[in-house]
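If you want the building blocks of each chain, they are given just below.
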Amino acid sequence: MSTHYFARYAHDPAEWTDIPAASREKLAGELLPDLMSVVRHISCDDDTTRKTLWRLHDGTLVESVLMRYPDRVTMCISSQAGCGMNCPFCATGQAGLDRNLSTAEIVHQIVDGMRALRDGEVPGGPARLSNIVFMGMGEPLANYKRVVGAIRRLTDPEPDGLGLSQRGITVSTVGLVPAMLRFADEGFKCRLAVSLHAPDDELRDTLVPVNTRWKVREVLDAAWEYAEKSGRRISIEYALIRDINDQAWRGDLLGRLLKGKRVHVNLIPLNPTPGSKWTASRPEDEKAFVEAIARHGVPVTVRDTRGQEIDGACGQLAAAER
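Everything quoted here is computed from the prediction, not taken from an experiment.

What counts and how
- Residues numbered from 1 in each chain as written.
- Predicted model: local features only at pLDDT ≥ 70, side-chain atom pairs only at ≥ 80, totals over all residues.
- Heavy atoms only, no water.
- Salt bridge = Lys/Arg side-chain N within 4 Å of Asp/Glu carboxyl O.
- Pairing = 2+ DSSP bridges.
- Helix = DSSP H or I, 4+ residues; strand = E, 2+ residues; numbered from the N terminus.
- Axes fitted to C-alpha atoms, helices over the stretch in contact; angles between N-to-C directions.
- Contact = heavy atoms within 4.5 Å.
- Core = buried A, V, L, I, M, F, W, Y, C linked by side-chain atoms within 4.5 Å.
- Buried < 20%, exposed > 50% of the residue type's maximum accessible area, 1.4 Å probe, protein only.
- Phe/Tyr/Trp six-rings, centres within 6.5 Å; stacked < 30°, edge-to-face > 60°.
- Arc of directions from axis to C-beta.
- Parallel < 35°, antiparallel > 145°, perpendicular 65-115°, else oblique.
- Left-handed = near helix turned anticlockwise from the far one by under 90°.
- Nonpolar A, V, L, I, M, F, W, Y, C, P; charged D, E, K, R; others polar.
- Polar contact = N/O pair within 3.5 Å; in protein donor to acceptor, adjacent residues only side chain to side chain.

Undergrad: Mind laying out the pattern of salt bridges, listing which residues take part and the relevant values?
TA: The final tally for this structure, using the stated rule, is 20 salt bridges. Where R99 meets E105, a salt bridge forms, and the shortest distance between an N and an O atom there is 3.0 Å. Ionic contacts of the salt-bridge type, sharing partners, join the residues R50, D112, R115, R118, D119 and E121 into one network.

What follows is the structure, given as structure tokens:
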């Protein structure tokens, strides 16, 4: 069974031709229950970006996104239905938390993506998945045990898992410090991405409400511990929001905080949600912000924005469906 699922991506019992036909449905019912189904796929970027809306067995909605680039294929997956972190500029955060996903529900998003790539459903011919990012709906470290279980299933060798590299997996967090420290002790080689969004506590308290519990310096200290134990550099995620957190002096402060550390700053032009007052920075402000960070010798890039015309920001498609 595990060979069919993890090595062949075959969750339809009709494909298990080496198992007697009479046994297939019984095995499927007991070992591979129908956990989730595709509501719809929406594509853009000449169909190289494909967003999937899933309906889970209890009717809950979650999303995943498959993004094909010339040199790699990245899949962004959800770890929770909704999110309880309540960040005001995030569509998922404003919807609140429905529930945690199970390890199986997390893994199945990947298995389905890998099958779609193998079968040529995404333009460009058959391909392999190269990167997985836990940056979809939810705060991964708030669903700690199931996310860690999913990472083990994704990276254990076939047929016990998918045999993917831990180095190709990125786990994002808003800064749940105890969970970050626990994650550092798992022995993983995954990348940790910290959704910082502000370098000063005064602003971050409002943009990332969990900051009222664990402050910027505590979050960064936990990140440096993960970097030390994993040998991987930390990714600092920073959504640039016009006139809110994109001032050059904040870029300078961020550069000072990160200077000399094993880190990379990933600036994200905000993907605005309908009716929201939050929007992306002006080009000149974005440029000044980048330069302010770079002056401290800190590597910084602006993320290529994908999927805006298909409600690419996680939570938008599920909200529209509801």
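Next comes the rest of the account.
Undergrad: Any details on the sheet that holds strand β4 (residues 73-76)? Residues and values, ideally.
TA: Strands sit in the order β1-β2-β3-β4-β7-β8-β9-β10-β11-β12 across an open sheet of 10 strands; the sheet is mixed. With partners counted over all chains shown, the strands left at the sheet margins are β1 (36-44) and β12 (300-302), one partner each. Across the sheet, the mean angle from the axis of one strand to that of its neighbour is 20 degrees, orientation sign disregarded. Lying on the sheet, helix α4 (residues 103-118) is in contact with β1, β2 (49-56), β3 (61-68), β4 and β7 (131-134); it crosses β2 at an angle near 140 degrees.

Undergrad: Quick rundown of the nonpolar core? Include the residues and the values.
TA: Counting residues in hydrophobic clusters, the biggest one holds 82 residues, and the most contacted among them are I110, F134, F183, I234 and L258. Considering each element in turn, this core owes the most residues, 8 residues, to helix α8 (residues 216-230). Residues contacting I110, with those up to four places away along its chain left out, are M75, I77, L129, I132, L154, L162 and L164. Counting 5 residues, the second-largest nonpolar core is a separate cluster that includes V65, M67, Y69 and V133.

Undergrad: Any details on unusual backbone geometry? Residues and values, ideally.
TA: Of note, the amide linkage connecting E158 to P159 takes the cis form, showing an omega dihedral of 0 degrees. Within the secondary structure, P159 sits in the loop between α5 (144-155) and β8 (169-173). Its identity as a non-glycine residue notwithstanding, D47 has a phi of 70 degrees, on the positive side. Mapped onto the fold, D47 is located in the loop between β1 and β2. One non-glycine residue, H197, lies in the positive phi region at around 70 degrees. Within the element layout of this structure, H197 appears in the loop between β9 (191-195) and α7 (201-207). According to the relative accessible area criterion, H197 is buried, its value standing at 8%.

Undergrad: Quick rundown of the packing of aromatic side chains? Include the residues and the values.
TA: Under the definition given, this model contains 5 aromatic pairs. Measuring from centroid to centroid gives 5.5 Å for F183 and F188, while their planes differ by 55 degrees, and the two rings are tilted. One exposure class covers both F183 and F188, and it is buried. Relative to Y226, the ring of F183 has its centre 5.4 Å away and its plane inclined at 10 degrees; by these criteria the two rings are stacked. Remark: Y226 occurs in helix α8 and F183 occurs in helix α6 (residues 177-184); sequence separation between them is 43 residues. The rings of Y144, F183, F188 and Y226 are connected pair by pair, giving a single aromatic cluster.

Undergrad: Break down the environment of P269 for me, citing the residues and quoting the values.
TA: As for its placement among the helices and strands, P269 is situated in strand β11 (residues 263-269). The exposure class assigned to P269 is buried, which follows from its relative accessible area of 16%.

Undergrad: Please set out helix α9 (residues 248-258) residue by residue, giving values where relevant.
TA: Buried within α9 we find R250, G251, L254, G255, L257 and L258. Projection of α9 onto a plane perpendicular to its axis shows the buried side chains occupying an angular sector of 160 degrees, all on one side. Among the structural elements, α7, α8, β10 (234-240), β11 and α10 (283-294) are those in contact with the buried residues of α9. Directly after α9, the chain includes G260, whose backbone phi takes a positive value near 80 degrees.

Undergrad: Tell me about the packing of α9 against α10, and name the residues and values.
TA: Between α9 and α10, the shortest axis-to-axis distance is 7 Å and the interhelical angle comes to 25 degrees. Classified by the interaxial angle, the pair formed by α9 and α10 is roughly parallel. The interaxial crossing formed by α9 with α10 has right-handed handedness. Contact with α9, carried on its side by A248, R250, G251, D252, L254 and G255, involves A288, F289, A292 and I293 of α10 and no other residues of that element. Tallied by class, residues from the contact of α9 with α10 come to 6 nonpolar, 2 polar and 2 charged.

Undergrad: Mind laying out the side chain of S172, listing which residues take part and the relevant values?
TA: Relative to the helices and strands, S172 is located in strand β8. Here S172 falls in the buried class, since its relative accessible area comes to 9%. Looking at S172, its side chain comes within polar contact range of the side chain of S195, at 3.3 Å. Discounting residues that sit within four places of it in the chain, S172 has contacts with F134, M135, E139, P140, A193 and S195.

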